[in-house]
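# Geometric and topological summary
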Amino acid sequence: MTETPSIVILTGAGISKESGLDTFRDSDGIWAKVRIEDVATPEAFARNPSRVQEFYNARRAGLKDPKVAPNAAHEALARLEREWPGEVLLVTQNIDDLHERAGSRNLIHMHGELLKVRCEYCDALLEWDDALSTATPCPHCGRKGGMRPHVVWFGEMPLGMDTIYEKLDTCGLFVSIGTSGNVYPAAGFVQHVRYRGLAHSVELNLEPSQGATLFAEVILGPATEIVPAFVDRILKDGVPEAA
Ligand code: BV8
C-alpha cells in the first residue's frame, strides 16, 4: 500500500485579497502606493526607521478591522490539513494571521508575521498587536531603538527554509495559491519540485503567474471559488501521479 503523499502549499497575498487585504503587485496594490526601497529593506529601516514603523503600524492596525477575516479559501486549506490522511504543510509569504484564524496549524510564515516584533539587541520575539516606534523600550532587555517588525525584508533570509526544502523534496503534491511568482526564493519552489519529477504541481491564481508554465496544472479564478473546489477534489480523488 503506497504511503499517503504529503502536500506542500505556498500562499501569497492573493489568498487574502477577498478578505479585504491589499496585494502587492495588482494595480491597486501596496507597491503602487509605496516603494519597496523606502519601507521593506534593512537599508530603509536604518535610513528612516519611523517611516518603516509607520508602514507596518498601519498594516498591523488594518488586521484589527472586524471586516478583515479568513475567507472560504483559508478555511478550505485548514479543512484539507484536518481531513487529509498525510502531512499538509502550509508555507505562506503573507504576514497576516488569517491562516491561523482559519485553523491552519502546520504553518510556516517564511516572510515573518505582522503580529510579532523582535528586539535587535536581545533577539526577544514578542507577540505585538499595537503600534511600534523606535522609542518603544524592549519589554525583555529594556533598551530602546532596537524594536523592529518580525518581517523578512528584501535582502534578508526568509524563515524556515531548511524545513521547507526538506518537505518540497518529499511531497507528492505542490500547490501555489494567490502569488504572482515574482519574489525568490518562494517563486523558485515549483522548479525545485519539478526538478525531482516526483510530485504533481498545481497553480491556483486569478491570472497566470510568472511561473505558470512550470506547473503541471493551472486553475484560474478567485481563491474563494477555486480553492474550496480544489480541496474537495483532492479529498475525493486523491493526488494525481506526477505529470
Ligand atoms: C533573499 C515581507 C537572500 C514584507 C516580502 C536584487 C537585490 C536583492 C535581492 C534580490 C535581487 N534580485 C532578486 C533578489 C531576491 C529578492 C527578490 O526576489 N526580489 C524580487 C522583487 C526580484 N528576494 C529577497 O530579497 C528575499 N531574500 O533572497 O535573501 C539571502 C541569501 C543569503 C543570506 C541572506 C539573504 C526576501 C524576500 C522577502 C521580502 N519580503 N514581504 C511585507 O510583507 O511587507 S516580499 C512581498 O512579496 C510580500 O511579502 C509577498 O509575500 C511577496 C510576494 O508577493 P505576492 O504574495 O505574490 O503578491 P503579489 O501582489 O505579487 O501577487 C498577488 C497574486 O494574487 C497575483 O498574481 C494576483 O493575480 C493574485 N490574486 C489577486 N486577487 C486574487 C488573486 N488570486 C486568487 N484570488 C484572488 N481574489
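Scope of this entry: the structure provided in the associated data block. Just so you know, these numbers come straight off a predicted model, no measurement behind them.

### Here we look at the side chain of Ser176
Relative to the elements of secondary structure, Ser176 occurs in strand β7 (residues 173-177). When neighbours within four sequence positions are excluded, Ser176 is seen to be in contact with Leu10, Val202, Glu203, Leu204 and Phe215.

### Observations concerning the sheet that holds strand β5 (residues 125-127)
Strand order in the open sheet formed by 3 strands is β5-β4-β6, with antiparallel pairing between adjacent strands. On the outer flanks of this sheet lie β5 and β6 (147-151), each paired with one strand and no other. In this sheet, neighbouring strand axes are inclined to one another by 40 degrees on average, regardless of whether the strands run parallel or antiparallel. Across 5 bridges, the pairing between strand β4 (residues 112-119) and β6 is antiparallel. Following the sheet pairing, Glu113 is matched in β6 by His150.

### Digging into the site of the ligand
With respect to spatial proximity, 34 residues lie near the ligand, and among them Arg25, Arg59, Gly155, Thr179 and Ser180 are the closest. Within the contact set of the ligand, an oxygen atom lies 2.7 Å away from a backbone nitrogen or oxygen of Phe24. In this structure, Arg59 approaches the ligand through a side-chain N or O atom, which is 2.6 Å from an oxygen atom. Bound to the protein, the ligand loses 76% of the 1,500 Å² it would expose on its own.

### Focus on the sheet that holds β7
Read from one edge to the other, the open sheet built from 6 strands follows the order β3-β2-β1-β7-β8-β9, with strand pairing classed as parallel. Only two strands of the sheet have a single neighbouring strand rather than two, namely β3 (107-109) and β9 (217-220). Ignoring strand direction, the axes of neighbouring strands in this sheet form an average angle of 15 degrees.

Definitions and limits used
- Residues numbered from 1 in each chain as written.
- Predicted model: local features only at pLDDT ≥ 70, side-chain atom pairs only at ≥ 80, totals over all residues.
- Heavy atoms only, no water.
- Helix = DSSP H or I, 4+ residues; strand = E, 2+ residues; numbered from the N terminus.
- Contact = heavy atoms within 4.5 Å.
- Pairing = 2+ DSSP bridges.
- Axes fitted to C-alpha atoms, helices over the stretch in contact; angles between N-to-C directions.
- Near = heavy atom within 4 Å.
- Polar contact = N/O pair within 3.5 Å; in protein donor to acceptor, adjacent residues only side chain to side chain.
- Areas by Shrake-Rupley, 256 points an atom, 1.4 Å probe, with all protein chains shown as cover.

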